[in-house]
Amino acid sequence: MSRQDAVRALRGRLLWFVGDPYGVGAAAHRYVEDGLLVIADGLIRAAGEARALLPALPAEVEIIDHRPHLIMPGFIDAHIHMPQTQVIASYGAQLMEWLNKYTFVEEQKLAQQGHAEKLSRFLLDELLASGTTTAAVYCSVHEKSAEAFFAESHRRNTRMIAGKVMMDRNAPAALTDTAESGYAESKALIGRWHGKGRQLYAITPRFAVTSSPEQMAASQRLVAEHPGCFVQTHINENRAEIALARELYPMAADYAGIYEDYGLLGPKSLLGHCIHMTKREWRAFAEHGAVAVFCPTSNLFLGSGLFDWDRARREGVKVALATDIGGGTSYSMLRTMAEAYKILQLQGQSLSAFEALHAITLGNAVALGLDHLIGSFEPGREADIVVLDPAATRAMAHRLETARDLAEELFVLVTLGDERNVVATYVMGELAFRCSTN
Ligand code: GUN
Ligand code: ZN
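Residues numbered from 1 in each chain as written. Chains lettered and ligands numbered in written order. Predicted model: local features only at pLDDT ≥ 70, side-chain atom pairs only at ≥ 80, totals over all residues. Heavy atoms only, no water.

Asks: Outline the site of ligand 1, supporting the account with residue identities and numerical values.
Replies: The immediate surroundings of ligand 1 are formed by 13 residues, with H81, Q84, R206, E237 and D324 found nearest. Between ligand 1 and the protein, one listed contact pairs an oxygen atom with a side-chain N or O atom of Q84 at 2.9 Å. In terms of residues, the shell around ligand 1 owes the most to one element, helix 2 (residues 95–107), which gives three residues. Here the residues of the shell around ligand 1 sort into five nonpolar, five polar and three charged. (Near = heavy atom within 4 Å. Polar contact = N/O pair within 3.5 Å; in protein donor to acceptor, adjacent residues only side chain to side chain. Helix = DSSP H or I, 4+ residues; strand = E, 2+ residues; numbered from the N terminus. Nonpolar A, V, L, I, M, F, W, Y, C, P; charged D, E, K, R; others polar.)

Asks: Kindly report on the pattern of salt bridges, identifying the contributing residues and their values.
Replies: Taken as a whole, this structure holds 29 salt bridges when the rule is applied. Note that E107 is salt-bridged to R206, the shortest N-O span being 2.9 Å. In this pair, E107 sits in helix 2 while R206 sits in the loop between strand 9 (200–205) and helix 6 (213–225), placing the two residues 99 residues apart along the sequence. Residue E107 shares its accessibility class with R206, and that shared class is buried. (Salt bridge = Lys/Arg side-chain N within 4 Å of Asp/Glu carboxyl O. Buried < 20%, exposed > 50% of the residue type's maximum accessible area, 1.4 Å probe, protein only.)

Asks: Pulling in residues and values, what's your account of the packing of helix 4 (residues 143–156) against helix 5 (residues 179–193)?
Replies: Axis separation between helix 4 and helix 5 bottoms out at 10 Å; the angle between their running directions is 15°. Overall, the two elements helix 4 and helix 5 adopt an arrangement that is roughly parallel. For helix 4 against helix 5, the interelement crossing comes out right-handed. Facing helix 4, whose interface residues are E143, A146, E147, F150, A151 and H154, helix 5 presents E185, A188, L189, R192 and W193. Of the residues in the contact of helix 4 with helix 5, the class split is six nonpolar, one polar and four charged. (Axes fitted to C-alpha atoms, helices over the stretch in contact; angles between N-to-C directions. Parallel < 35°, antiparallel > 145°, perpendicular 65-115°, else oblique. Left-handed = near helix turned anticlockwise from the far one by under 90°. Contact = heavy atoms within 4.5 Å.)

Asks: Could you give me a rundown of the sheet that holds strand 4 (residues 62–73), with the residues and numbers involved?
Replies: Spatially, seven strands are ordered 3-2-1-4-14-15-16 in an open sheet, and the strand pairing comes out mixed. With partners counted over all chains shown, the strands left at the sheet margins are strand 3 (43–49) and strand 16 (430–434), one partner each. On average, each strand axis in the sheet is inclined to that of its neighbour by 35°, with strand direction left out of account. Pairing of strand 14 (residues 385–388) with strand 15 (residues 422–427), which is carried by four bridges, proceeds in the antiparallel orientation. Its bridge partner being in strand 15, V386 is matched across the sheet by T425. Against the sheet, helix 13 (residues 353–367) engages strand 1 (8–17), strand 2 (29–40) and strand 4, with an angle of about 120° to strand 1. Sitting on the sheet, helix 15 (residues 406–416) touches strand 1, strand 2, strand 4 and strand 14, and the angle it makes with strand 1 is about 95°. (Pairing = 2+ DSSP bridges.)

Below, the structure written as structure tokens:
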């Protein structure tokens, strides 16, 4: 290692994944009790035993001692709405009423000068405080909302996927674009932001209910012209939503068929919810390599239903995990996994702590096709890192007195953990959040 490029090293208990622990167990993770993570130029240079790596480190390298805390790759959230940070915790409605009564009202405020900037700053602060370093983000229909979000993310050097929502019907006039304007604004944003620094674009027709066939065709053109971009939308979340979508697209085989007919089901397509899926729809997802995005706290809060993860596995469909703020109720991917566990319990399915922690790091990176960049401590990966104190709360410290091994400790972390466990978050090796009390 040369002197000048070894900028920093973090010392602590390293935990990361090299594969999916489902059915494999311990072979899929790496755990180093007294580990050192060496970072050079914002990338992982080495991850291993401190005693093996320390002698080779030049004396002037800064070593940040996080012992006895856990050091993991930054968490990834595969579906979140920037305009809904003040919609979260809105009472008493299921999806369609919730959209009309709360969400579409709040999203109109993003037309006001400075509001998208304020919400973007808030969201990025909150994500980093929760240990989340990458997210797939819905902005509002306003082109400026995506502009504001990308500008703020670029300033912080966070790797974010985002897009301007396209919606040209079944919403207040102030919240609709047209097939043409949605196309033109999305295209302009792609030109300005896709691949700029760490920013990536997601073509974002909100869902079949709010996009006309003309807008779906415009989305299809965007995908054909920009195959490197993601696609994000919603599907099969709620029975009334499904009935409406089917009514609006009577020629489609089913809900998935609507997106399929417009070329919107592909390996870079992230489809939120996927709760009420038919056999044919699972097959279509598997065939096209589309990603089912499981949003546990949202599915419970909006009473949408129970995501069948085992079924997705059996059908060979990729699954990503997400908060879906503001249908979701926590920014924390740890809390999200605690609720995922309960949803699976209700269906007689299981989720180990290793599976949960894999899902929100390497698993989501793989689902997003970004595992060559983020999600693990393999050399060369971007140094997005979360430092966790599993004993951060009284209840957790008390419970951990009886934990006998790493698996038990991590299960306590996943079941009782949230943003209070985050000691520090690093973005490309730079400190981006530090807890003031830990
Ligand atoms: N379906 C269409 N839009 C939305 C949204 O904003 N949140 C959720 N949960 N579902 C949706
Ligand atoms: Zn959503």
